[in-house]
Amino acid sequence: MKIQLFCILISLIFSNMLFLQNIQATHLQPADVGKVSYSKILLQPFTREKKVEFGLSEITNASKLKGIEVLGPKAGKSNLTGTITVNVLSDSTQWSAAILQTTIKQPRYKSWQCYSIRTRTTGSNLELWVLAADFAGAMYGCLDIAEAIRNQTLDKLADSDNKPFLERRGIKINIPLDLRTPSYSDFSDVYQQNIPVMWEIDFWKQQFDEMARNRYNTLSLWSLNPFPSMVKVPEYPDVALNDVWRTTYDIKDKYGFTGNKGLPKELLDNHEVIKKMTINEKIDFWRKVMQIARDRGIEIYLFNWHIFTIGEMGKYGITPDRNNDNTIAYFRASVREMILTYPLLAGFGITAGENMPEIKDAKYSKEQWLWKTYGEGIRDARKKQPNRNIRLIHRFHMTGLAEINNEFKDFPATLDLSIKYSVAHMYSIPNPPFAKGAFEILPKDQRMWLTVRNDDIYSFRWGNPTYAREYIRAIPGPDKVAGYYMGSDGYCWGKDFLGKDSLQPRPLIIQKQWYSFMLWGRLSFNPKLPDELFRKTLENRFPDAQARTLMNAWSSASMVFPWITRLSWGDIDVRWFPEACLSHPVYKGFYTVKDFMEVDPMPGSNIQNITEWAQNYNSDKGETLTLPLAVADSISKYSRLAMIYLQQLPAQKQGSFDELTQTLGDIEAFATIGYYYQEKIRGACSLALYNFYGLSQDKEDAIDHLTKAKAFWARYAAIYDSKYKPANYNRVGYVNIPALIEKTEKDIQIAKTWKVGDIKAYKNKPITENTFRK
């Protein structure tokens, strides 16, 4: 025992010598980082691992910004008055020895990503310890310290023990790799604009830095079929694609939602080569991307829909026919080579659709096809790499649990399931009901991933910590949930091309919408984080604004879309886009006042449909439900509060694209469309009353409310047009907010020409996607 203790102490002594490289000291005035001023910081890492180095670099940068001199490893022990010393230990051997030498407490948690912070004040000096179970935990502990320095809250940094509330916290990006290997919504402006972005190494460096800062540790990249753009398959050498292509053809809004009609000839005939790359160079690129992700504690998964063979161009007899054995052999080999080519790939996500139509007397069922391709492909790879654990996430979509588990009973690695948690609208209610049935039948030895879709907000900056916290806390525990990935189908979370600003290079979505990404990432690691943390962050980022007022304005405005989506429920993205009161033209197009009367509210919202409310107006039926006029009142309240707080903040600088002005503009846009929606709801309620009872005053009230709604839309359109461009979105079509003023005039005309009894009775037709079965 004595020998072991001696070895540990010797190890500690030598580990202590692994300091950061010497950093040139910057002599500025001592920084106030709370009640005490510190002039120097001494960093003492016990490892040079990349994740830890990133955390230390964040401390270094924060210190320099606050005028704190950063000391290198050669700094002497004398004259360290007013010094912060940061000791970073990333495994139990290191911190066990340190605990023996000090009076600091043992860490409470000792598993993946966990870390403890210990503080000790001696005179005018502050000693901080990060005691972590692994490198990721050590990085997160360093990020906490860097944040406290930036926010000047070091005096409030107390001893803490930290473990993730959700193990895996992810982002979903539908990745537009190439014209020939598209993702789900590539026939749109923003996806075409982001094709070259996906091949910029600097984009991924920034993306992963931001993800790590906000405690995301999972990235899922979604494609119809990425193999031709990412891997060489020896048996199919002519399939691998050199170079990166993009169409120059005006896509407009005339192509399908899913790519199941293949690649239109006119897009292929009118293409440009935007990057010259061999397939070997592409492989090197993606290996670098995955290494950068690993260096920030991030796992990468590739998610695919099936069966899409656009990039294979019919070579080797490969087609999207499920009965085609050539296709099965190709996909099996591609899965194998993807694993062998990318040692850092964490796994795959697979879908039993959305190009696997039901076939009578099919040779292979959908699950048999997936097993023969992915199941067998993974087994083939593991024969060469027996210790490789490839996680397979099978989407609980267009398939059944018994079918999945029957075909994948011999799967040799981790098999999880995945489900759309809020269908396409995370900004709705914080406790969506759609996954309850799946959780009830989930086997005890399997866990679920949640697809958390944001097809609500493409343009604006959202931010409400209370809503995010409630949403996260409602997620089932780690015995059922492996993690989540948050993202959009209709919008590409690459770089922002909607803004009318002239910023170059274009900002990343995760940078533009930094506050919402911070809220979701940080709170899913620790939902107990106080609002004060976010207030201090806003104070540091926007020193010219009163942070509490800004936070209140932002939080209020951010509740407009959850409330309107509860009332006007369109489950999938093609059915409802609240930024424009719109669905795709093949569904409804612009939601008219008649649509508002008829649309069913979101399941689980406890809101009453407008027609049902009017029909039962002379009875007590439905009194336990939230009335539609109460929804209008809530939206009106949040819009009014946002405007009240806005007038207390600095005036927006006309024509300016500074971040504060843009943020205030987004808050005003939320509030203004909120005013539009509350007037439209009131107009729909009055018109519904007229429909059933024929009181002329109700019709006049409806016209009055809809006239006011039109005026609010005009104001909203002016705000939007000053900041953002019209765009073609594959999921809802071409969106031009100012041009939609014509639709608001149509609502007035609908009310003027409405006749009693135009709607006979309420018909309950709730439409919510339910594509899983037992």
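Only a predicted model underlies this, so the values are computations on that prediction, with no experimental measurement involved.

Asker: Can you walk me through the overall build of the chain in this structure?
Answerer: When helices and strands are counted, the chain shows 25 helices and 22 strands. Along the first, second and third principal axes, the C-alpha set of the chain runs to 90 × 65 × 50 Å. Taking contacts inside the chain between residues at least 6 apart in sequence as the whole, the part at least 24 apart equals 80%. When the 99 basic and 85 acidic side-chain charges of the chain are each reduced to a single mean position, those positions are 3 Å apart.

Asker: Help me out: how do you make sense of the sheet that holds strand 10 (residues 218-223) in this one?
Answerer: Pairing between the strands of a sheet is mediated by backbone hydrogen bonds and can be parallel or antiparallel. Taken in spatial order, the eight strands close into a barrel running 9-10-13-14-15-17-18-19, and their pairing is parallel. The average angle at which neighbouring strand axes cross in this sheet is 25°, direction not considered. In terms of strand pairing, strand 10 meets strand 13 (residues 299-306) through six bridges, oriented parallel. What sits directly across from Ser220, in strand 13, is Tyr301. The sheet strands contacting helix 10 (residues 325-341) are strand 13 and strand 14 (345-354), and the helix crosses strand 14 at an angle near 155°.

Asker: Looking at this structure, I do not really get the nonpolar core. What am I missing?
Answerer: One broad rule of soluble globular proteins: the nonpolar side chains tend to lie buried together. Of all hydrophobic cores here, the largest spans 185 residues; its most connected members are Trp204, Trp286, Phe348 and Trp520. A per-element tally of this core places helix 23 (residues 659-693) first, with 17 residues. Formed by 33 residues, the second largest nonpolar core is a distinct cluster that contains Val52, Leu56, Val86 and Leu126.

Asker: So what exactly am I meant to see when it comes to helix 25 (residues 741-752) here?
Answerer: Since the α-helix packs 3.6 residues into each turn, any two residues three or four apart lie on the same face. Along its twelve residues, helix 25 runs 17 Å from first to last C-alpha, staying within 8% of the 16 Å computed at 1.5 Å per residue. For helix 25, every residue scored as buried is listed here: Thr744, Asp747, Ile748, Ile750 and Ala751. For helix 25, the angular spread of the buried residues around the axis is 160°, confining them to a single face. Looking at the buried residues of helix 25, the elements they touch are helix 20 (593-598), helix 23 and helix 24 (696-723).

Asker: What is the right way to look at the packing of helix 2 (residues 50-65) against helix 4 (residues 135-150) in this model?
Answerer: A pair of packed helices is captured by two measures, namely the crossing angle of their axes and the spacing between those axes. For the pair helix 2 and helix 4, the least separation of the axes is 8 Å and the interaxial angle reads 5°. By the angle between their directions, the pair helix 2 and helix 4 is classed as roughly parallel. Contact residues: Lys51, Val52, Phe54, Gly55, Leu56, Glu58, Ile59, Ala62 and Ser63 in helix 2; Phe135, Ala136, Ala138, Met139, Cys142, Leu143, Ile145, Ala146, Ile149 and Arg150 in helix 4. Of the residues assigned to the contact of helix 2 with helix 4, the class counts are 14 nonpolar, two polar and three charged.

Asker: Would you take a moment to explain the pairing of strand 18 (residues 448-453) for this structure?
Answerer: In regular strands, side chains alternate between the two faces of the sheet. Within strand 18, six of the six residues are buried, which leaves it mostly tucked inside the rest of the structure. Side chains Met448, Leu450 and Val452 of strand 18 all project onto a buried face; the interleaved residues Trp449, Thr451 and Arg453 project onto the opposite face, where all are buried too.

Asker: Mind showing me how you'd approach the layout of surface pockets here?
Answerer: A water-sized probe, rolled over the atoms, reveals where empty space remains. The calculated volume of the largest pocket comes to roughly 860 Å³. Contributing to the lining of the largest pocket are 29 residues, with Asp144, Asn162, Asn526, Leu529 and Pro530 lying nearest its centre. Breaking the lining of the largest pocket down by element, the ones donating at least two residues are strand 6 (115-122), helix 4, strand 8 (160-162), helix 16 (514-525) and helix 17 (531-541). Taken together, the residues of the lining of the largest pocket sort by class into 13 nonpolar, five polar and eleven charged. Glu58, Arg150, Glu210, Arg213 and Arg541 are the residues nearest the centre of the second largest pocket, which is lined by 21 residues in total.

Asker: Whenever I open this one, the packing of aromatic side chains confuses me. Can you help?
Answerer: How two aromatic rings sit relative to each other is given by the distance of their centres and the angle of their planes. All chains considered together, the criterion is met by 63 aromatic pairs. Aromatic side chains Tyr427 and Trp520 sit 6.1 Å apart centroid to centroid with 65° between the ring planes, which places their arrangement in the edge-to-face category. In this pair, Tyr427 is assigned in the loop between strand 17 (415-420) and helix 13 (436-440) and Trp520 in helix 16, connecting sequence segments 93 residues apart. As far as burial versus exposure is concerned, Tyr427 and Trp520 are alike and both buried. On the basis of an interplanar angle of 20° and a centroid distance of 5.5 Å, the ring pair of Trp449 and Tyr485 is categorised as stacked. With a gap of 36 residues between them, Trp449 in strand 18 and Tyr485 in strand 19 (residues 481-487) connect regions that are remote in the sequence. Taking relative accessible area as the criterion, Trp449 reaches 0% and is therefore assigned buried. The side chain of Lys172 reaches across the aromatic face of Trp222, ending 4.6 Å from its centre. Over the aromatic face of Tyr591 sits the side chain of Lys588, whose NZ or CZ is 5.9 Å from the ring centroid.

Asker: It is not clear to me how the sheet that holds strand 3 (residues 40-45) should be interpreted in this structure. Could you clarify?
Answerer: Pairing within the open sheet is mixed, and its six strands lie in the order 4-3-5-7-6-8. Each edge of the sheet is formed by a strand with only one pairing partner; in this case those strands are strand 4 (69-71) and strand 8. On average, each strand axis in the sheet is inclined to that of its neighbour by 20°, with strand direction left out of account. The pairing of strand 3 with strand 4 spans three bridges and is classified as parallel.

Asker: I would appreciate a short explanation of helix 9 (residues 279-294) in the present structure.
Answerer: Along its 16 residues, helix 9 runs 23 Å from first to last C-alpha, staying within 8% of the 22 Å computed at 1.5 Å per residue. Taken together, the buried positions of helix 9 are Ile279, Lys282, Ile283, Phe285, Trp286, Val289, Met290, Ile292 and Ala293.

Asker: Quick question: what am I supposed to make of the pattern of salt bridges here?
Answerer: When charged atoms on two side chains of opposite charge get close, those side chains can pair. All chains considered together, the criterion is met by 51 salt bridges. The partner of Arg246 in a salt bridge is Glu272, with the nearest N and O atoms 3.1 Å apart. Of this pair, Arg246 sits in strand 11 (residues 244-247) while Glu272 sits in strand 12 (residues 271-275); the two residues are 26 residues apart in sequence, bridging distant segments of the chain. Residues Lys594 and Glu598 are paired through a salt bridge, measuring 3.0 Å at the closest nitrogen-oxygen approach. Residue Lys594 and its partner Glu598 are both found in helix 20; the two are separated by four residues, about one turn of the helix. Overall, Lys594 belongs to the partly exposed group, its relative accessible area being 30%.

The rules behind the values
Here the residue index of a chain counts from 1 through its sequence in written order. Residue-level local features of this predicted model are given only where pLDDT is at least 70; pairs of side-chain atoms are given and counted only at 80 or more, and the full residue set underlies all totals for whole chains, interfaces and linings. Here the side-chain values reflect all heavy atoms present in the structure, with hydrogen atoms and water set aside. Only DSSP runs of H or I reaching four residues or more are called helices, and only runs of E reaching two or more are called strands; each is numbered from the N terminus. Contacts are residue-level and defined by heavy atoms, with any inter-residue pair within 4.5 Å sufficient. His residues and chain termini do not enter the charge count, which takes Lys and Arg as positive and Asp and Glu as negative. We put the charge of a Lys on NZ, of an Arg on CZ, of an Asp on CG and of a Glu on CD. What makes two strands pair is DSSP finding at least two bridges between them. Inter-axis angles, ranging from 0 to 180 degrees, are taken between N-to-C directions of lines fitted to C-alpha atoms, where helices are fitted over the stretch in contact. Each nonpolar core is a collection of buried residues, namely Ala, Val, Leu, Ile, Met, Phe, Trp, Tyr and Cys, held together in the definition by side-chain atoms within 4.5 Å. Burial here depends on accessible area, computed with a 1.4 Å probe over protein chains only, as a share of the maximum for the residue type. Under 20% is buried, over 50% is exposed, and the range in between is partly exposed. A helix is expected to span 1.5 Å for every residue after the first. It is the directions from the helix axis to the C-beta atoms whose arc is reported. Our angle categories are set so that under 35 degrees counts as roughly parallel, over 145 as roughly antiparallel, 65 to 115 as roughly perpendicular, and the remainder as oblique. Charged means Asp, Glu, Lys or Arg here, nonpolar means Ala, Val, Leu, Ile, Met, Phe, Trp, Tyr, Cys or Pro, and polar covers whatever is left, Gly included. Any residue with an atom within 4 Å of a point lines the site, the site being either a cavity, points on a 1 Å grid over the protein atoms alone where a 1.4 Å probe fits but cannot get out, or a pocket, an open set with protein on both sides within 12 Å along at least 5 of 7 lines. Grid points are joined across faces, edges and corners, and a volume is the space filled by probe spheres set on the points. In this scheme Phe, Tyr and Trp rings, the latter by its six-membered ring, pair at centre separations within 6.5 Å, and the angle between planes marks the pair as stacked below 30 degrees, edge-to-face above 60, and tilted otherwise. Look at NZ for Lys and CZ for Arg. If either is within 6 Å of the ring centre and within 35 degrees of the ring normal, a charge sits over the ring. Put simply, a salt bridge is a Lys or Arg side-chain nitrogen that is within 4 Å of an Asp or Glu carboxyl oxygen.

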